[in-house]
Amino acid sequence: MKPTFVQSLKAGVFAGLISVAANNIWSFIAPLVSGHPNPEAIHAGVVSMASFMPIIIGSIVFFLLHKFTNKGNLIFMIVSVVVFIATAGGPFQAELPDGTMAPEGFAMFTFPMHIFSTIAAMW
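The model shown is predicted, which means the values in this text are computed figures rather than measured ones. (Residues numbered from 1 in each chain as written. Predicted model: local features only at pLDDT ≥ 70, side-chain atom pairs only at ≥ 80, totals over all residues. Heavy atoms only, no water.)

Undergrad: Explanation requested: the overall build of the protein in the structure shown.
TA: The secondary structure content of the protein amounts to 4 helices and 0 strands. Along the chain direction, N to C, the helices and strands of the protein fall in the order α-α-α-α. Principal axes of the C-alpha set define a box for the protein whose edges measure 50 × 25 × 25 Å. Among the 123 residues that make up the protein, the fraction classed as buried is 29%. Taking all contacts inside the protein whose residues are at least 6 apart in sequence as the whole, residues at least 24 apart take part in 70%. On the protein, roughly 7,700 Å² of surface is accessible, and the fraction owed to carbon and sulfur atoms is 75%. Of the side chains in the protein, 4 bear a positive and 4 a negative charge, and the two mean positions are spaced by 43 Å. (Helix = DSSP H or I, 4+ residues; strand = E, 2+ residues; numbered from the N terminus. Buried < 20%, exposed > 50% of the residue type's maximum accessible area, 1.4 Å probe, protein only. Contact = heavy atoms within 4.5 Å. Areas by Shrake-Rupley, 256 points an atom, 1.4 Å probe, with all protein chains shown as cover. Lys, Arg positive; Asp, Glu negative; His and termini not counted. Charge placed at Lys NZ, Arg CZ, Asp CG, Glu CD.)

Undergrad: Mind showing me how you'd approach the packing of aromatic side chains here?
TA: For any pair of aromatic rings, geometry is given as the distance between the ring centres together with the angle between the planes. All told, the structure shown has 6 aromatic pairs when counted by the stated rule. When the ring of Phe 14 is compared with that of Trp 123, the centres are 5.6 Å apart and the planes differ by 45 degrees; the resulting orientation is tilted. Of this pair, Phe 14 sits in helix H1 (residues 5–34) while Trp 123 sits in the segment after helix H4 (106–122), placing them 109 residues apart in sequence. Ring geometry for Phe 84 and Phe 111: centres 6.0 Å apart, planes at 50 degrees, overall tilted. Taken together, the residues span a long stretch of sequence, with Phe 84 in helix H3 (residues 72–88) and Phe 111 in helix H4 at a distance of 27 residues. (Phe/Tyr/Trp six-rings, centres within 6.5 Å; stacked < 30°, edge-to-face > 60°.)

Undergrad: Hey, could you run me through the nonpolar core in this one?
TA: Buried together is how nonpolar side chains tend to be arranged in soluble globular proteins. The biggest cluster of nonpolar side chains holds 5 residues, and these are Trp 26, Ala 30, Val 47, Phe 109 and Met 113. Those elements that place two or more of their residues in this core are H1 and H4. Sequence-distant contacts of Trp 26, defined by excluding residues within four places in its chain, comprise Met 108, Phe 109, Pro 112, Met 113 and Phe 116. (Core = buried A, V, L, I, M, F, W, Y, C linked by side-chain atoms within 4.5 Å.)

Undergrad: I tried to follow the packing of H1 against H4 on my own but got confused; where do I start?
TA: When two helices pack together, their arrangement is given by the angle between the helix axes and the distance between those axes. Across the interface, H1 lies against H4 with an axial gap of 9 Å and an inter-helix angle of 160 degrees. The orientation of H1 with respect to H4, classified from their angle, is roughly antiparallel. Considering how the two elements wind past one another, H1 and H4 form a crossing that is right-handed. In contact with Ala 15, Ser 19, Ala 22, Asn 23, Trp 26, Ser 27, Ala 30, Val 33 and Ser 34 of H1, H4 contributes Met 108, Phe 109, Pro 112, Met 113, Phe 116, Ser 117 and Ala 120. (Axes fitted to C-alpha atoms, helices over the stretch in contact; angles between N-to-C directions. Parallel < 35°, antiparallel > 145°, perpendicular 65-115°, else oblique. Left-handed = near helix turned anticlockwise from the far one by under 90°.)

Coordinates in, geometry out; function isn't part of it.
Have a look at this one:
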């Protein structure tokens, strides 16, 4: 049975909230593990939105894949892995998208967040 739009969206909200919780917990633990303070511009609101919104968009993609294909789960899993691979290099760049230098410890701070969000979305 194919999921309805509301079912997909509810699943996205649930997975998004799990991702928000995991990533905010990590944002408190990361400075203790790495010894580097979190960048000033990154706070609970930024972490929450960056964790939640991609999963909500993913839940809509999930619905559309199920609606228009017979292999929605498989395609969604493949797309999730491809998006993870495409975005996972971002934390390791020397410069941030705005052109400023990435703070020390930025990769250790943000890369686990990519992993947590991908797992939550795929689950």
